[in-house]
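Understanding the architecture of this molecule
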Amino acid sequence: MCGIFAYKGSSLNAADVISSGLKRLEYRGYDSWGVAVINNGSILLKKDIGKIGDINKLDLPVSKLGIGHTRWATTGAVTQINAHPHLSSDHSFALVQNGIVENFEELKEDLKNKGYKFISQTDTEVIVRLIEEEKKIHPDLVDAIKSAFLKLKGRNTIAVLDSKTEQILAVRNGSPLIIGLSKNKDIFLSSDALSLSSFVDKIIVLDNGELVKIGSKIEIKNIKTGKIVHKDWEKLTFKDANIDKGKYDNYMIKEICDTPETINQVIVQDEKNIQNLAKAIKAARYVFTIGSGTAGNAAGQIAFYLREIAKIPAISLIGADAKEYYDLFSEKDLLIAPSQSGETADVVEVLDIAKAKGCKIATYVNMPGSMMNRMSDFKFLANAGPEICVMSTKIFVSQVAWGYLLAKTTVGLYEDGINNLSKLAADIKTYLEEDTSHQAAKKLAQNLIEIKDLFILGKSQNFYIAKEGMVKIIEGTYKHAHAIPAGDLKHYAITLIERGVYALALVSNDSSFSEMFNVVNEIKSRGGSIIGIYPEKLPAFDYYLKSPSIGETSAIGNIIPLQLLAYYLAVLLGNNVDKPRNIAKSVTVK
Ligand code: BG6
């Protein structure tokens with residue numbers, strides 16, 4: 001999943017603008033980057049592996065037109081040659097891509113047979129050579145791009161810088177592409193609205209199958225029919241979101257500490273909107289929640305609250321593996337999708353299929369104008385501010401707090417839900433302001449630094465919290481963690497328990513309290529060590545991390561010490577906390 005940023009204007013220098021735009025897109029991919037600008041009719045290009053260099057290292061000439069790209073490698077290793085943009089053989093145009101060309105091998109073979117040479121391992125370069133081939137039949141670059149693009153299989157979004165006409169041409173199919181317009185009529189193009197927020201105040205979101213030509217004016221066409229598509233400018237609804245780390249060393253710890261504010265943003269959600277969705281939940285035949293990664297765990301916790309609190313037969317799905325449900329979807333059903341980016345391809349695909357079958361769609365996203373936001377019948381924005389760290393923390397809490405309030409509202413307990421969330425926000429705020437909370441997590445991290453495996457046990461309201469703790473530990477430490485429904489340990493995993501094995505036990509003062517201690521004792525009696533997570537230290541705990549709250553929302557509080565533990569472990573291990581290896585903030589490819 002990558003980031004595209006482009007500029008055509010008169011008031012700014014293209015390389016500066018694109019470099020700053022790419023920095024705001026680095027969460028989408030950061031193994032390499034590239035910028036191409038037009039100067040005196042020629043394309044000048046800089047690209048390299050690693051984080052985008054600061055502007056003066058680009059030493060590109062002043063220009064009014066250019067494109068840029070941050071890469072998260074899918075096809076082709078992380079090398080300078082494979083970085084985008086990729087140039088046509090005559091250097092007349094440069095191309096960047098976000099997506100995967102599923103038929104690139106056969107296209108490449110055919111182009112090789114026609115005499116084309118390839119310098120990179122990427123599917124992107126295949127698109128460039130294919131356009132060159134199509135130009136032999138369609139000399140006009142726009143026509144050649146259209147004809148080539150329609151031969152690509154898979155979800156791909158591309159942008160092309162054309163030195164001949166001094167235009168930017170782009171096509172969206174899958175990964176998002178947003179046009180921005182500044183007060184001085186400069187035109188921008190980007191993979192997300194957030195990166196445009198400091199430059200523009202109006203946007204147009206391209207839909208799949210649309211080609212935009214940015215020259216003396218903006219022209220949007222349907223790539224299949226060739227018909228002009230008229231779209232109105234939308235006001236960019238959020239101001240330039242502050243993405244400065246401030247006093248914090250990393251975005252992750254900043255975003256964990258932002259959690260109380262994100263819960264307050266849930267509390268101020270429009271009650272009417274929540275009541276409407278609660279009504280739809282009660283009216284639905286099946287309610288499915290769905291997400292990927294951390295959002296998949298949020299979907300699981302939301303379904304738990306709907307079952308436990310609202311007695312709704314809610315089922316949680318994982319975006320990447322929901323195929324067996326497709327034939328179950330009907331117009332009587334409702335899908336609820338939490339998602340930070342609102343663009344996760346795995347989930348969008350399931351929502352598309354469900355929508356086509358008449359399902360109602362509710363989404364809770366943190367990116368206005370994102371695909372999931374635009375396609376849903378019930379739209380909710382987390383308004384949590386940007387979450388830059390690839391490891392999702394504050395947004396997970398925002399999603400599950402929203403799900404908790406939704407469940408409470410479904411049974412007429414909206415006010416009670418609001419009160420409990422207000423208390424939760426205050427408890428977490430106090431907890432995170434106490435240095436002892438951080439010192440305890442740091443100290444425990446030192447004890448765990450050598451471990452190879454970590455079991456995380458949760459039951460009932462804590463099971464999906466345990467799964468999210470597993471995701472945090474794996475993402476932050478690259479070590480293996482294993483979340484288990486506490487009572488299930490005795491059926492298989494107990495064979496692994498011996499001296500030196502650690503298990504985190506997430507405890508809440510609820511009906512599963514005593515069963516949790518049966519499991520704790522099973523582990524201790526076989527030499528295992530217990531790390532208790534609970535508002536107070538209990539004798540059975542060998543180690544202990546205080547958690548910030550009790551009561552109905554205690555599971556949400558339990559994730560905070562887990563996030564802190566993962567953070568301090570990642571720091572101790574010297575890992576890239578905000579950009580762990582191999583993962584990206586949002587995967588907009590299948
Ligand atoms: C993964 C991210 O790629 O996608 C996770 O690393 C995230 O942090 C998951 O939870 C789903 O992304 P989104 O944008 O749908 O929440």
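Shown above is the structure to which this text applies.
Not measured: the values here are computed from a predicted model.

**So, the packing of helix H12 (residues 394-410) against helix H17 (residues 554-573)**
Two numbers describe how H12 lies on H17: the axes approach to 10 Å, and their chain directions differ by 170°. Considered as vectors, H12 and H17 are oriented roughly antiparallel to each other. Residues Phe396, Val397, Val400, Ala401 and Tyr404 of H12 touch H17, and the partners they reach there are Ile556, Ile559, Ile560 and Gln563.

**Examining the pattern of salt bridges**
Summed over the entire model, instances satisfying the criterion amount to 31 salt bridges. With a closest N to O distance of 3.8 Å, Glu343 and Arg172 form a salt bridge. Of this pair, Glu343 sits in the loop between strand S17 (334-339) and helix H10 (345-356) while Arg172 sits in strand S8 (residues 167-172), and the two are 171 residues apart along the sequence. Glu343 gets classed as buried once you look at its relative accessible area, which sits at 6%. A salt bridge links Lys221 to Glu219; the nearest nitrogen and oxygen atoms lie 3.8 Å apart.

**Things to note about the site of the ligand**
If you check the shell around the ligand, you find 13 residues, and the closest are Ser339, Gln340, Ser341, Thr344 and Ala584. The backbone of Thr294 places a nitrogen or oxygen atom 3.1 Å from an oxygen atom of the ligand. One of the side-chain nitrogen or oxygen atoms of Thr344 is found 2.5 Å away from an oxygen atom of the ligand. Protein coverage of the free-state accessible area of the ligand, which is 390 Å², stands at 92%. Considering only residue class, the shell around the ligand consists of four nonpolar, seven polar and two charged.

**A look at the sheet that holds strand S19 (residues 378-381)**
Strand order in the open sheet made by the five strands is S16-S15-S17-S18-S19, with parallel pairing throughout. The two strands at the open ends of the sheet, each matched to only one other strand, are strand S16 (314-318) and S19. Pairs of neighbouring strands in the sheet enclose a mean axial angle of 15°, with direction left out of account. Contacts between helix H9 (residues 293-308) and the sheet are confined to strand S15 (287-291), S16 and S17, with S15 contributing the most and set at about 160° to the helix.

**Side note on the side chain of Gln167**
Its place among the elements puts Gln167 in strand S8. Side chain to side chain, Gln167 and Thr165 meet in a polar contact 3.0 Å long. Not counting residues up to four positions away in its chain, the partners in contact with Gln167 are Leu65, Val160, Leu161, Asp162, Lys213, Ile214 and Gly215.

**Let's talk about the nonpolar core**
The biggest cluster of nonpolar side chains holds 86 residues, and the ones touching the most others in it are Leu277 and Leu334. When residues of this core are assigned to their parent elements, the largest contribution, twelve residues, is made by H17. For this core, the domains that each give at least three residues are domain 2 (239-433) and domain 3 (434-578). Once residues lying within four places of it in the same chain are set aside, the contact partners of Leu277 are Leu334, Ala362, Phe378, Phe380, Trp402 and Leu406. Val126, Ile145, Leu169 and Leu211 belong to the second largest nonpolar core, which has 26 residues in total.

**With respect to the pairing of strand S12 (residues 210-214)**
Most of S12 sits inside the fold, with four of its five residues counted as buried. Pairing analysis gives five bridges linking S8 to S12, with the strands arranged antiparallel. Looking across to S12, one finds that Ala170 is bridged to Val212. Here S12 runs beside strand S13 (residues 218-222); their pairing, made up of five bridges, is antiparallel. Bridge pairing links Lys213 to Glu219 in S13. Connecting S12 to the antiparallel partner S13 that follows it, the hairpin turn spans three residues.

**Some remarks on the packing of aromatic side chains**
Summed over the entire model, instances satisfying the criterion amount to 19 aromatic pairs. Between Phe5 and Phe188 the ring centres are 6.3 Å apart and the planes differ by 75°, which places this aromatic pair in the edge-to-face class. On the criterion of sequence distance, the pair formed by Phe5 in strand S1 (residues 3-8) and Phe188 in strand S10 (residues 187-190) is long-range, its members being 183 residues apart. There is no split in this pair, since Phe5 and Phe188 are both buried.

**Quick notes on the sheet that holds strand S21 (residues 480-485)**
Pairing within the open sheet is parallel, and its five strands lie in the order S21-S20-S22-S23-S24. Each end of this open sheet is capped by a strand with a single partner; those strands are S21 and strand S24 (543-546). Sheet twist, expressed as the mean angle between neighbouring strand axes with direction ignored, is 20°. Lying over the sheet, helix H16 (residues 513-524) contacts strand S20 (453-458), strand S22 (502-506) and strand S23 (529-534), oriented at roughly 160° with respect to S23.

**Some remarks on H9**
Taking 1.5 Å of rise per residue, 16 residues should cover 22 Å, and H9 covers 23 Å from first to last C-alpha, within 8% of that figure. Within H9, 13 of the 16 residues are buried, which leaves the element mostly enclosed by the surrounding structure.

The rules behind each value
- Residues numbered from 1 in each chain as written.
- Predicted model: local features only at pLDDT ≥ 70, side-chain atom pairs only at ≥ 80, totals over all residues.
- Heavy atoms only, no water.
- Axes fitted to C-alpha atoms, helices over the stretch in contact; angles between N-to-C directions.
- Helix = DSSP H or I, 4+ residues; strand = E, 2+ residues; numbered from the N terminus.
- Parallel < 35°, antiparallel > 145°, perpendicular 65-115°, else oblique.
- Contact = heavy atoms within 4.5 Å.
- Salt bridge = Lys/Arg side-chain N within 4 Å of Asp/Glu carboxyl O.
- Buried < 20%, exposed > 50% of the residue type's maximum accessible area, 1.4 Å probe, protein only.
- Near = heavy atom within 4 Å.
- Polar contact = N/O pair within 3.5 Å; in protein donor to acceptor, adjacent residues only side chain to side chain.
- Areas by Shrake-Rupley, 256 points an atom, 1.4 Å probe, with all protein chains shown as cover.
- Nonpolar A, V, L, I, M, F, W, Y, C, P; charged D, E, K, R; others polar.
- Pairing = 2+ DSSP bridges.
- Core = buried A, V, L, I, M, F, W, Y, C linked by side-chain atoms within 4.5 Å.
- Domains from an automatic or database assignment.
- Phe/Tyr/Trp six-rings, centres within 6.5 Å; stacked < 30°, edge-to-face > 60°.
- Expected span 1.5 Å × (residues − 1).

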